[in-house]
Amino acid sequence: MSRNAEVILTGFADEGVSQQANKNIREQFSAYAALGLQYYSIRFVDAGNGTKNVMNLTMDEIQTIRGLQSDFGLNVSSIGSPIGKIKLADEEDGTKNRYVPFSQYVSEVERACEITHAFESKLIRGFSFYHPRGKNPKDYMNQAVDQLTAIAEICLRSDLTFGLEVEPNLVGENGWLLAEIYEKVNHPAMVLVFDAGNLVVQGYNAVEILEQFRAMLPGLGWLHVKDFRHPRPMKVGDPVNEDQLKHFVPANMGDGGHEAVFRELKKALPSIVAKLNRRGIPGFFVDLEPHVKGGGQFGGYSGPDGVGVAARALCSLLDYVGIGYHLRNFDDILADRGF
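Described below are features of the structure shown in this document. (Residues numbered from 1 in each chain as written. Predicted model: local features only at pLDDT ≥ 70, side-chain atom pairs only at ≥ 80, totals over all residues. Heavy atoms only, no water.)

### Comments concerning the packing of aromatic side chains
Within a pair of aromatic rings, the relevant descriptors are the distance that separates the centres and the angle that separates the planes.
Part 1: Using the criterion set out here, one finds nine aromatic pairs in the structure.
Part 2: Look at Tyr105 and Phe129: their rings are 6.4 Å apart centre to centre, the planes differ by 65°, and that puts the pair in the edge-to-face class. Of the two residues, Tyr105 sits in helix H3 (residues 102-118) while Phe129 sits in the loop between strand S6 (123-126) and helix H4 (141-157), which places them 24 residues apart along the sequence. Comparing Tyr105 with Phe129 shows no difference in burial state: the two are buried.
Part 3: Site record: aromatic cluster; members linked through ring pairs are Phe29, Tyr40 and Phe72. (Phe/Tyr/Trp six-rings, centres within 6.5 Å; stacked < 30°, edge-to-face > 60°. Helix = DSSP H or I, 4+ residues; strand = E, 2+ residues; numbered from the N terminus. Buried < 20%, exposed > 50% of the residue type's maximum accessible area, 1.4 Å probe, protein only.)

And the structure:
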């Protein structure tokens, strides 16, 4: 198959552990190496001192993780940071979201850049800030754009790229709003990250989700893959309680319309990959984030069996629409053995 129609498979490794609360790094790497992946996204990890978000790792812990990932034949595709998941306004809105003045928050962005460099990655996943719950996100668009422009500039100075993920309850809670943010920021160090599951949970149907994907295509940098199947109708515009989301499913079983999304992606891949390569990014990452055993505001869980089921579902869809990918095979094993 033409390399113009290939993606690079990766996944949030912390979803593959046997117990949700224990993000043991060896379990993470065992699951994802067994799947045949050569990349992973790092988010929560226990490198011997308890579970931490990647933002809180010490340099000693990072070196330990890097040594282990080499043993398992893995590399970091992106840093799953929570950058941008703070309030834009210091006001009570019934949520537990924290507020940090942006002048102080800059240090956290700079820390994310340091960690990304330490893992020899090029990509930082982030978000578009919380507007006050119940208010119109468009009223906070300009403030979000100003702060995201500053973040993109920090990333540019570090030769990194910031990926802005579509997610409920944020200023960029849907693809149309995120596309508008991208146009207003207009910065080479910021791209968009599509996630159909994060749109289904807001009540959007497959037709609307495809429209949002098309709106995001000019800025698309990579893709998260999870899906959701509604047990009951959901109303677009209602706040989403992320900690009660328990109906995520593999990408070939949900309401997100992944087949249509992948068909659109296939047509755009050559130009997207060329743009990413100019930023030093090896290709277009398709990032498995299944949540099949539960999701939440800052992460999710699938177990080693769940990530296996979700990965096979993803691969079946990619095969069906004709998008290529590579999973480790015996040639890779021989290469590791020096043959």
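Now that the structure has been shown, we can carry on.
### A look at the pairing of strand S9 (residues 220-225)
Part 1: Of all six residues making up S9, six are buried, and the element is well covered by its neighbours.
Part 2: Relative to S9, strand S8 (residues 190-195) is paired through four bridges, and the arrangement is parallel. Within S9, the residue paired with Val193 across the bridge is Trp222.
Part 3: Note that S9 and strand S12 (residues 285-288) share three bridges and pair parallel. Directly across from Leu223, in S12, lies its bridge partner Val286. (Pairing = 2+ DSSP bridges.)

### Examining unusual backbone geometry
Part 1: Positive phi is not limited to glycine here, since Glu120 has a value of about 55°.
Part 2: Mapping Glu120 onto the fold places it in the loop between H3 and S6.
Part 3: Positive phi values are uncommon outside glycine, yet Asp159 reaches one of about 60°.
Part 4: Take Asp159: it is sitting in the loop between H4 and strand S7 (161-165).
Part 5: Classification of Asp159 by relative accessible area gives partly exposed; the value is 38%.

### A word on empty space enclosed by the protein
A water-sized probe rolled over the atoms picks out the places where empty space is left.
Part 1: Evaluation of the coordinates by the stated rule reveals two cavities of 30 Å³ or more.
Part 2: Taken together, Val225, Lys226, Asp227, Val249, Pro250, Ala251, Leu288, Pro290 and Ala310 make up the full set of residues lining the second largest cavity.
Part 3: Class assignment of the residues belonging to the lining of the second largest cavity gives a composition of seven nonpolar, no polar and two charged. (1 Å grid on protein atoms, 1.4 Å probe; cavity = no way out; pocket = protein on both sides within 12 Å on 5 of 7 lines; lining within 4 Å. Points joined across faces, edges and corners; volume = space filled by probe spheres on them. Nonpolar A, V, L, I, M, F, W, Y, C, P; charged D, E, K, R; others polar.)

### Observations concerning the nonpolar core
Part 1: Counting residues in each nonpolar core, the largest one holds 104 residues, and the members touching the most others are Phe119, Leu265 and Phe284.
Part 2: Here Leu265 is in contact with Val7, Phe213, Leu220, Leu223, Ile272, Phe284 and Ile323, once residues within four sequence places are set aside. (Core = buried A, V, L, I, M, F, W, Y, C linked by side-chain atoms within 4.5 Å. Contact = heavy atoms within 4.5 Å.)

In short, shape yes, function no, at least from these values alone.
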